[in-house]
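# What the coordinates show
One letter stands for each residue in the lines below.
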Amino acid sequence: MKILSIAFKNINSLKGENHIDFEAHPFSGNTLFAITGPTGSGKSSILDVISLALFNQVPRLGKISRKEIREKGAILTRNQKEAYARVTYETGAGRFTSSWSIEVNRNGNLNDYNMEIANLQDNSLLDLKKSEVPGKNEALIGLNYDQFIKSVLLAQGDFAKFLSAKKEERGELLEKITGTGIYRQLGIMAFERFKLETAEIENQQQEKKLLESYLLSEEDKEAFSAEFKTKFSDLEKHQKDLKLLEKQLDLKESIRKQEKEIFKLKEEESALSSKLKSFEDEHGTRLKQHEKLQPIAEDLKTCERLEKELKDLKTEIQQTSGKLADNKNGNDNFIKKVGTFIHAEVTAENLKSKLQDFSEEIRKLQEEKTSLGSEYKSKFQLFKTETKDLKLNVKESDPQTAAEDIEALKSKNKKIIEDLKPELATIDLTNPASAKENLNTSLEESRDAAQFSDKKREQQKQLTKLEKETSTHQNELNTLPEKIQEQEKHVISLKKDLKILELERENQVKTASLEELRKTLKSGETCPLCGSQEHPYAEQLPEFQDDLSEKISAKISEIESVHKTLSTLEAKLKYAKESLRKFSEEIEEINRERIKSETDFKIKYPDLKVENTTDWQAKIVQLKEQLEALESFEIAQQKLEAIKNGLPILEELKTILAKGKKLREQLENNYSGNNIAEDTGRFLDAWNSLSNEKDNLEKNIKTQQEKLNQETSKFDELEQELLPQIKKENFESVKSACEALLPAREFLTLKEKKEQLLKEKSIAETGITTLQKQLQELKQREVEKSFEALKLEQEDKKTQEKQLAEDCESLKRKLTNNEENLERLKALETKIGEKEKQSKRWRLLNTLIGDRQGKKFNDFAQDLTLSQLIYLANIRLKDLSERYKLDKAISGEDDGLVAIDEDMGGQRRSVKTLSGGETFLLSLSLALALSDLASRNVSINSLFIDEGFGTLDPETLDQTLDTLEKLQAESGKTIGIISHVSSLKERIGIQIQLTRNGQGYSSVSVLG
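From a predicted model like this one, the values you see are computed outputs, not experimental measurements.

## Description of the sheet that holds strand 13 (residues 907-910)
Across the sheet, which stays open at both edges, the three strands sit in the order 11-12-13 with antiparallel pairing between neighbours. Here the strands that pair on one side only, and so sit at the sheet edges, are strand 11 (884-887) and strand 13. Looking at each pair of strands side by side, their axes are set apart by 35° on average, direction ignored. Relative to strand 13, strand 12 (residues 898-901) runs antiparallel, the two being bridged by four bridges. Of the residues in strand 13, the one forming a bridge with Asp901 is Gln907.

In structure tokens:
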């Protein structure tokens, strides 16, 4: 993952819009840079921009929300309405831009923040909710927020504390720095789970003891069983007695109910007899008379119906005669109305023919008028088509005005043509279309030539610039190898000098060790070391060089300085070679494009020569003007042609309009309607309707008279037939007999009611006889005791039975509970056994890693993590200083970390004894190691180191920066150093500088 650029607006004290592109100059040549500025100027806010845009979090505040910004005044610059943070980064998946933004709405309230990710390969926004953006960035980068700030944004403060902390404090810091708190949680969870499992077993043991206390002894169990058998036998005897008593009471109750039912039936039988008598008094006579006439009832009804039908027929004949008179009056009035319509005398005989003749005459006039109208519209449409280019606003009913307008347009366009002829003198106006095509071809050629000429000049300009830069880098490439060779020779020479000085110091040390021996030497005596008897230095020793160590240190510093210069020269040589390669590729690409452009242009325009002196833009303007003039000429010619075609059509329109006017007047005098066919049809339909009505009425009156005669004959015959039978039953006439007949429904209702009363009376009498017989049988089985005595005996038996049942239930419950407790105890013992098997693994896990605070497993995990971190830190520390190595404390040492001093023969020293600069180097190595640890599976090509450089002396600072330059050169990482140390400005040329103003804001500028 590599950060390519950042952009932000109104973040903390950094007011306004800012953009830093790490791919552009000055970062493109050397990506080691410093972020400098006074304390409080907003250096760390630049890191906040990165974490905010990617994860909506910043190290000092955590997750950012609208409430957080409003209450703490964080992120959004004071008195500003909007803010955003944007980071463009590159991973194996491609290039992406992640953005975070927030703004104040028009009501002065903060809107919620927004986040989005853009894929720069296709310039599309990913379809994500804002809450999904941090997770997507995590997936693309391969690091979550905690891993990101440990591997990309390195804060020295935590590692400085970590170095000198005691073991307990160091564990907490390591947990915080590496995010390995999960091991503590696992230890606590193992302890809690073991505690939970064993607690359940203890609860089950308590339950087992409780169940054992509830069990009956064998003696109690046998006693309860015997007592239960005795009482259950007594209970069964009492239940039999109760059943017998209940039957006797039921018999007494049945006798009482039977007597009551007999009394009730006797009352019903008496009431039914009264109802039957009342019915006979009210309806008996009428029913008897109806029953007498029942054999001839149908003939009487027929006679009555015929009499009614005769009356209705007479009424209908009168009504039909009235309608026939009305029809005659209607016919006379209609004939007069038709005569008025056709302007002629009309009779009933010739009405249809005269009406049809008039309709045909009017139809022919209308067709002639319609034909003239269609011809007029057709001619007018032809006129509009011929004159469409004139864009005339012509009224269809006013051809005269149109003729006047066309004459005016004719004069105007003739003048336009005469005015354009001088301007188009060089063009063949006999064929404007061909001339226009030639001008368009020339215009296209001129545009392509202008574009080709511009591109050629731009390519030449780029080539000149690249050749100039190539020359500059070629000079460096020619001189740098010689300079590097000189520095390498210088290093070899300095190392030889250093070796001589070290040998001198070694000899000096050896000489100093023989000082005591020299003091014992005497002239003439043999030296035990060399055997000489002369000892010139026994009394007068040669002088030692006291400044030899200082010379060695100076020589080492000089070698390091030359090494630094050598590294810088090698980096410059590498950069010059890479730049020359890029410039060469760019020059080749431009030349290829130039040759291709020239070839393509010659193929397209083989006869066109492009001269540098030609003013193609002026030529394009001239051709455009000629095209516009030619188009105006064509339009004027087209309009004159349209006028020539349109004038004759207008004359024809005037003639058609005059004919139509005359025909319209003739029609208006004879017919004022809209549709002669419909009007004539309505008259004919009305006449046919009247004629048909007359015929139908005449037929109806004849039919009705015939029917009247037939029905009268039938009625007379039936009346003569019925009179003898009626008089036999003492009725004077057919009419009186008909009046005596009951309606069929009423007769049936009265008959059914009488039969129902008789049936109910018979049922009551039968029921009384049956019940009296049953009552006699019941009384034969009745006991002598009274109902009340039996009831009292039943209550006493029930009380005894209830007590016995309760005693039996209590004994049975005790025995049943004992059996159930035995079963529960057996099941519980099985559960306890199974639970103890299951909890065995939790007991083992608790023994290995569990405790109440999770310390056991956490200490083990932290020790492994610390070993890995120290291993990686020592790799980084070797580049920073070959003097020290980090190690864990052993038994008997201070429980902090230990620094092994290689210059002091591997002496182990507590890190608390180190200077501020040495502490910084060790903490920096730890920070870089954590970055390596956190990014083991992810390529991290951007690194930001925050603070700590102020504790270094100039020499150590140079050495540290050399290491970071080396790290940058080897890995290609973008490395940013955040510090307020002024000496960094001299050593690091590329800087993001923050400057405070008097209003609490800071401005950002890039130097380099």
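The structure having been displayed, the exposition proceeds.
## Some thoughts on the UniProt feature "coiled-coil region" (unreviewed entry) in the protein chain
Under the UniProt annotation, the feature "coiled-coil region" (unreviewed entry) is placed at residues 201-323, 348-375, 566-600, 650-721 and 761-838. The straight-line gap between the two end C-alpha atoms of residues 348-375 is 42 Å; of that span, 89% is helix and 0% is strand. Secondary structure across residues 566-600 divides into 100% helix and 0% strand, with the first and last C-alpha atoms of the span separated by 51 Å.

## As for the pattern of salt bridges
Counted by the stated rule, this structure contains 15 salt bridges. Note that Glu589 and Arg592 form a salt bridge whose closest N and O atoms lie 2.6 Å from each other. In this pair, Glu589 and Arg592 are both assigned in helix 14 (residues 548-604), three residues apart and thus about one turn of the helix distant. Using a relative accessible area of 34% as the deciding quantity, one classes Glu589 as partly exposed. Ionic contacts of the salt-bridge type, sharing partners, join the residues Glu23, Glu90 and Arg95 into one network.

## Here's the deal with the pairing of strand 2 (residues 14-21)
One ladder, built from six bridges, connects strand 1 (residues 2-11) with strand 2; its direction is antiparallel. Counted as the bridge partner of Ala7 is His19 from strand 2. Here strand 1 folds back onto strand 2 in antiparallel fashion, the turn holding two residues, of which Asn12 has a positive phi close to 55°.

## Quick notes on the pairing of strand 12
Going residue by residue along strand 12, you find Val898 and Ile900 tucked away on one face and Ala899 and Asp901 tucked away on the opposite face as well. Sheet topology note: the strand 11/strand 12 ladder contains four bridges and is antiparallel. If you follow Asp887 over to strand 12, its bridge partner there is Val898. In this structure, the hairpin formed by strand 12 and strand 13 is closed by a connection of five residues, where Gly905 is found at a positive phi of approximately 70°.

## Overview of a negative patch on the surface
Taken together, the side chains of Glu298, Asp299, Asp716, Glu717 and Glu721 present a region of like negative charge at the surface. Broken down by element, the residue count for the negative patch peaks at three residues, all from helix 16 (residues 676-728).

## So, helix 15 (residues 616-670)
Taking 1.5 Å per residue as the helical rise, helix 15 with its 55 residues ought to reach 81 Å, and the 79 Å between its terminal C-alpha atoms agrees with that figure. At Gly646, helix 15 shows its largest kink, close to 25°, and the proline Pro648 lies no more than four residues downstream.

## Focus: the environment of Ser131
Considering the arrangement of structural elements, one finds Ser131 in the loop between strand 9 (124-125) and helix 3 (133-141). C-alpha separation for the pair Ser131 and Met115, spaced 16 residues apart in sequence, amounts to 7.8 Å.

## Here we look at the side chain of Ser13
If you trace the backbone, Ser13 turns up in the loop between strand 1 and strand 2. Setting aside residues up to four positions removed in sequence, Ser13 forms contacts with Gly40, Ser41, Gly42, Gly1000, Tyr1001 and Ser1002.

## Focus: the packing of helix 7 (residues 182-214) against helix 19 (residues 787-849)
Between helix 7 and helix 19, the shortest axis-to-axis distance is 9 Å and the interhelical angle comes to 160°. With respect to each other, helix 7 and helix 19 are oriented roughly antiparallel. As helix 7 packs across helix 19, the resulting crossing turns out to be left-handed. Partitioned by chemical class, the residues of the contact of helix 7 with helix 19 number 13 nonpolar, seven polar and 12 charged.

## Quick look at the nonpolar core
Core analysis: the largest hydrophobic core is formed by 53 residues, its most contacted members being Ile6, Phe22, Ile75, Trp100, Phe148, Phe944 and Ile992. In terms of residue count, helix 1 (residues 43-55) provides more of this core than any other element does, eight residues in total. Among residues more than four places away in sequence, those in contact with Ile6 are Asn18, His19, Ile20, Phe22, Ile46, Ile50, Arg86 and Val87. Judged by nonpolar contacts, the second largest core, of 34 residues, contains Ile335, Leu365, Leu650 and Trp687.

## A look at unusual backbone geometry
Here the residue pair His25 and Pro26 is connected by a cis peptide bond, since its omega of 5° sits within 30 degrees of zero. With respect to the secondary-structure elements, Pro26 resides in the loop between strand 2 and strand 3 (32-36). Of note, Asn12 is a non-glycine position whose phi angle comes to about 55°, a positive value. With respect to the secondary-structure elements, Asn12 resides in the loop between strand 1 and strand 2.

## So, the packing of aromatic side chains
The full count for this structure, using the stated rule, is eight aromatic pairs. Centroid distance Phe33 to Phe944: 6.2 Å. Interplanar angle 75°. Geometry classified as edge-to-face. Residue Phe33 is located in strand 3, and its partner Phe944 is located in strand 14 (residues 942-946); the two are separated by 911 residues in the primary sequence. Comparing Phe33 with Phe944 shows no difference in burial state: the two are buried. Taking 6.1 Å as the distance between ring centres and 35° as the angle between the ring planes, the aromatic pair formed by Tyr89 and Phe96 counts as tilted. With a relative accessible area of 5%, Phe96 lands in the buried category. Joined through ring pairs, the aromatic side chains of Phe22, Phe27, Phe33 and Phe944 make up one cluster.

What counts, and where the lines are drawn
Residues numbered from 1 in each chain as written. Predicted model: local features only at pLDDT ≥ 70, side-chain atom pairs only at ≥ 80, totals over all residues. Heavy atoms only, no water. Pairing = 2+ DSSP bridges. Helix = DSSP H or I, 4+ residues; strand = E, 2+ residues; numbered from the N terminus. Axes fitted to C-alpha atoms, helices over the stretch in contact; angles between N-to-C directions. UniProt positions renumbered as here; feature names shortened; annotations may be inferred. Salt bridge = Lys/Arg side-chain N within 4 Å of Asp/Glu carboxyl O. Buried < 20%, exposed > 50% of the residue type's maximum accessible area, 1.4 Å probe, protein only. Patch = residues over 30% accessible without salt bridge, like charges linked within 9 Å, V, L, I, M, F, W, Y side chains within 5 Å. Areas by Shrake-Rupley, 256 points an atom, 1.4 Å probe, with all protein chains shown as cover. Lys, Arg positive; Asp, Glu negative; His and termini not counted. Charge placed at Lys NZ, Arg CZ, Asp CG, Glu CD. Expected span 1.5 Å × (residues − 1). Bend = angle between axes of the 7 residues up to and from the residue. Contact = heavy atoms within 4.5 Å. Parallel < 35°, antiparallel > 145°, perpendicular 65-115°, else oblique. Left-handed = near helix turned anticlockwise from the far one by under 90°. Nonpolar A, V, L, I, M, F, W, Y, C, P; charged D, E, K, R; others polar. Core = buried A, V, L, I, M, F, W, Y, C linked by side-chain atoms within 4.5 Å. Phe/Tyr/Trp six-rings, centres within 6.5 Å; stacked < 30°, edge-to-face > 60°.

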